[in-house]
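Report on the structure
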Amino acid sequence: MTSSASLKSRQFLPDPEFPVDPPVRVTQPASGRSALVLSSPHSGDIYPASFRGASQLDPLTLRRSEDAFIHELYAAGPALGAPLLEALFPRAYCDPNRAAYELDPGMFDAPLPPHVVTDSSKIGAGLGTIARVVAGGLEIYKGKLPFAEAERRVETCWRPYHDAIESLLAEAKAQHGVALLLDCHSMPSVGGSNQPDAGQRRADMVIGDFHGVSCAPHLVDRVEDYLKSCGFSTTRNKPYAGGYITQYYSRRDQGIHSLQLEINRDLYMDETRIEKAGGFARVQSAMSGLVELLIASATPDFLKE
């Protein structure tokens, strides 16, 4: 999956500052595994000491980019039959919802190798695989980084996450003939200053199917109807149509569909303090119901094009 021959030929030791190796967690169903796979790439909250030391931001500000508590909103998934994959490393440290090497050359202390992508909308916003800023646009680092640091993070964080997605989808497809990936995210309640919806309160839920490409439309309709029945306002693909994970793993001609769901953070948390709020139980219950609906829908007959 990674295009860099040099990366594949190098050996990287696990990061000693992470308590687990690799820094991802897969919670599998005890029995009755379905065709649904849950992915939470941005809820990690383990911040290595070396990263905190290189940052000019305080710990709470560093957490602005987290999809905090998202993995907990989907915690019922494994008991219902859907494996849940979580990144334990934070998005500000390494973002698995980007290509392996989507990097801002201005962040590094030397020219980048030719295989690195240096020009994309995400890089322009400071949100490449190794982010330059946290949500809100504040610069993370005190100084420049060596490219070897980016390589290490890709190898020890990005790669295990994507290896896990590949494995989980392959297992689902082999067992059920189809697979469905739900990429689970949250979003700031109000559009940021550099976004098209600046200053506007966002819908409760944003469904991303890459503008009709990544998932069967009749399944997207079913998801939207369910969310509305729960009392949530919804939009499709605005302002988020689906990131790298949603786009890359969609192979509808092979029976693999993917969908992204963004949950408005003010439904379930205090965005300033990054603490759960009173609406958490309601959203968690609704997401459990959504998982049940997706499991029931992830069949060859329903996903038939």
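Here's a quick rundown of the structure. Note on numbering: residues in each chain are counted from 1, in written sequence order. Where totals are concerned, whole chains, interfaces and linings use all residues; where local detail is concerned, this predicted model gives features only for residues with pLDDT of at least 70, and gives and counts side-chain atom pairs only at 80 or more. As a rule here, side-chain values cover all heavy atoms of the structure and leave hydrogens and water aside.

1. Quick look at the overall build of the protein
- Helix and strand counts for the protein come out as 10 helices and 9 strands.
- Whereas a compact globule of 305 residues would reach a radius of gyration of roughly 19 Å, the protein reaches 19 Å, a difference of no more than 12%.
- Over its C-alpha atoms, taken along the principal directions, the protein stretches across nearly 55 × 45 × 35 Å.
- Should any heavy atoms of two residues lie within 4.5 Å, those residues are considered in contact. Within the protein, contacts between residues at least 6 apart in sequence are counted, and of these 80% link residues at least 24 apart.
- Shrake-Rupley sampling with a 1.4 Å probe provides the accessible areas, and residues are treated as covered by the protein chains on show and by no other component. Surface summary for the protein: the accessible area is close to 12600 Å², and the carbon and sulfur share equals 52%. Going along the chain from the N terminus, every DSSP run of H or I of four or more residues is numbered as a helix, and every run of E of two or more is numbered as a strand. As defined in this context, the radius of gyration uses C-alpha atoms, and a globule is described by 2.2 Å times the residue total to the power 0.38.

2. So, the side chain of Ser258
- Relative to the elements of secondary structure, Ser258 occurs in strand β7 (residues 256-264).
- Ignoring any residue separated from it by four or fewer positions in sequence, one finds Ser258 in contact with Leu180, Leu181, Ser214, Cys215, Thr246 and Ser250.

3. Brief notes about the pattern of salt bridges
- Throughout this description, the term salt bridge denotes a Lys or Arg side-chain nitrogen within 4 Å of a carboxyl oxygen of Asp or Glu. Under the definition given, this model contains 18 salt bridges.
- Here Glu166 ties to Arg251 by a salt bridge, and the two come within 3.5 Å at their closest N and O atoms. Placement of Glu166 in helix α7 (residues 147-176) and of Arg251 in the loop between α9 (244-249) and β7 is noted, with a sequence separation of 85 residues between them.
- For each residue, the accessible area found with a 1.4 Å probe, counting protein chains only, is set against the maximum for its type, and the residue is called buried under 20%, exposed over 50%, and partly exposed in between. What makes Glu166 partly exposed here is its relative accessible area of 26%.
- Of the residues examined, Arg251 reaches a relative accessible area of 21% and is grouped as partly exposed.

4. Observations concerning the packing of aromatic side chains
- Here the aromatic set is Phe, Tyr and Trp, taking the six-membered ring for Trp, and pairing holds for ring centres within 6.5 Å; pairs whose planes are under 30 degrees apart are stacked, those over 60 apart are edge-to-face, and all others are tilted. A complete count under the given rule lists 8 aromatic pairs for this structure.
- Note on Tyr244 and Tyr248: the rings are 5.2 Å apart at their centroids and 15° apart in plane angle, and the pair reads as stacked. Within this pair, Tyr244 and its partner Tyr248 are both found in helix α9, separated by 4 residues, close to a single helical turn.
- On the basis of relative accessible area, Tyr248 is assigned to the partly exposed category, the value being 34%.
- Geometrically, the ring pair formed by Tyr248 and Tyr249 is edge-to-face, given 5.0 Å between the ring centres and 80° between the ring planes.
- With a relative accessible area of 0%, Tyr249 lands in the buried category.
- Through successive ring pairs, a cluster of aromatic residues spans Tyr47, Phe51, Tyr93 and Tyr141.

5. Quick word on helix α10 (residues 280-297)
- In this model, α10 (18 residues) spans 26 Å end to end at C-alpha, consistent with the 26 Å of a helix rising 1.5 Å per residue.
- Taken together, the buried positions of α10 are Phe280, Val283, Ala286, Met287, Ser288, Gly289, Leu290, Val291, Leu293, Leu294 and Ser297. Helix span is expected to be 1.5 Å times the residue number reduced by one.

6. Remarks on the pairing of β7
- A large share of β7 lies buried, amounting to 9 of its 9 residues.
- Strands pair, by our definition, only if DSSP identifies at least two bridges between them. As paired elements, strand β4 (residues 179-187) and β7 share 9 bridges and run parallel to each other. Bridged to Ala179 within β7 is Ile256.
- Bridge analysis of strand β5 (residues 205-208) against β7 gives 4 bridges, and the strand direction is antiparallel.

7. Quick word on helix α8 (residues 217-229)
- The terminal C-alpha atoms of α8 lie 18 Å apart, and with 13 residues this matches the ideal 18 Å at 1.5 Å per residue to within 8%.
- Within the sequence span of α8, burial applies to Leu219, Val220, Val223, Glu224, Tyr226 and Leu227. Viewed end-on, α8 has its buried residues packed into an arc of 160°, placing them on one side of the element. Away from its buried face by more than 90 degrees, α8 exposes Asp225 and Ser229.
- Where α8 is buried, its residues meet β4, β5, β6 (234-236), β7 and α10. Our arc is simply the arc of the directions from the helix axis toward the C-beta atoms.

8. Topic: the packing of α8 against α10
- Across the interface, α8 lies against α10 with an axial gap of 11 Å and an inter-helix angle of 155°. Between α8 and α10, the angle falls in the class roughly antiparallel. Crossing handedness for the pair α8 and α10: right-handed. Of the residues in α10, those touching α8 at Leu219, Arg222, Val223, Tyr226 and Leu227 are Ser285, Ala286, Met287, Gly289, Leu290, Leu293, Leu294 and Ser297.
- Polarity classes work like this: nonpolar for Ala, Val, Leu, Ile, Met, Phe, Trp, Tyr, Cys and Pro, charged for Asp, Glu, Lys and Arg, and polar for all others, with Gly in that last group. Within the contact of α8 with α10, the residues separate by chemical class into 9 nonpolar, 3 polar and 1 charged. Only the stretch in contact is used when fitting a helix axis, every axis being a line fitted to C-alpha atoms; angles between N-to-C directions are given from 0 to 180 degrees. Roughly parallel covers angles under 35 degrees, roughly antiparallel covers those over 145, roughly perpendicular covers 65 to 115, and oblique covers all other angles. Two helices cross in a left-handed way if the nearer one is turned anticlockwise from the farther one by less than a right angle. They cross in a right-handed way if the turn is clockwise.

9. Concerning the pairing of β5
- Here β5 shows two buried faces, one formed by Met205 and Ile207 and the other by Val206 and Gly208.
- As paired strands, β5 and β6 are joined by 3 bridges and run parallel to one another. Residue Met205 lies in a different strand from β6, and its bridge partner there is Thr234.
- In this fold, the crossover linking β5 to β6 by way of α8 has right-handed handedness. Crossover handedness is defined by viewing with both strands directed away from the observer: a clockwise path from the first strand over the helix to the second marks the crossover as right-handed.

Everything listed is a geometric property; what it means functionally is a separate question.
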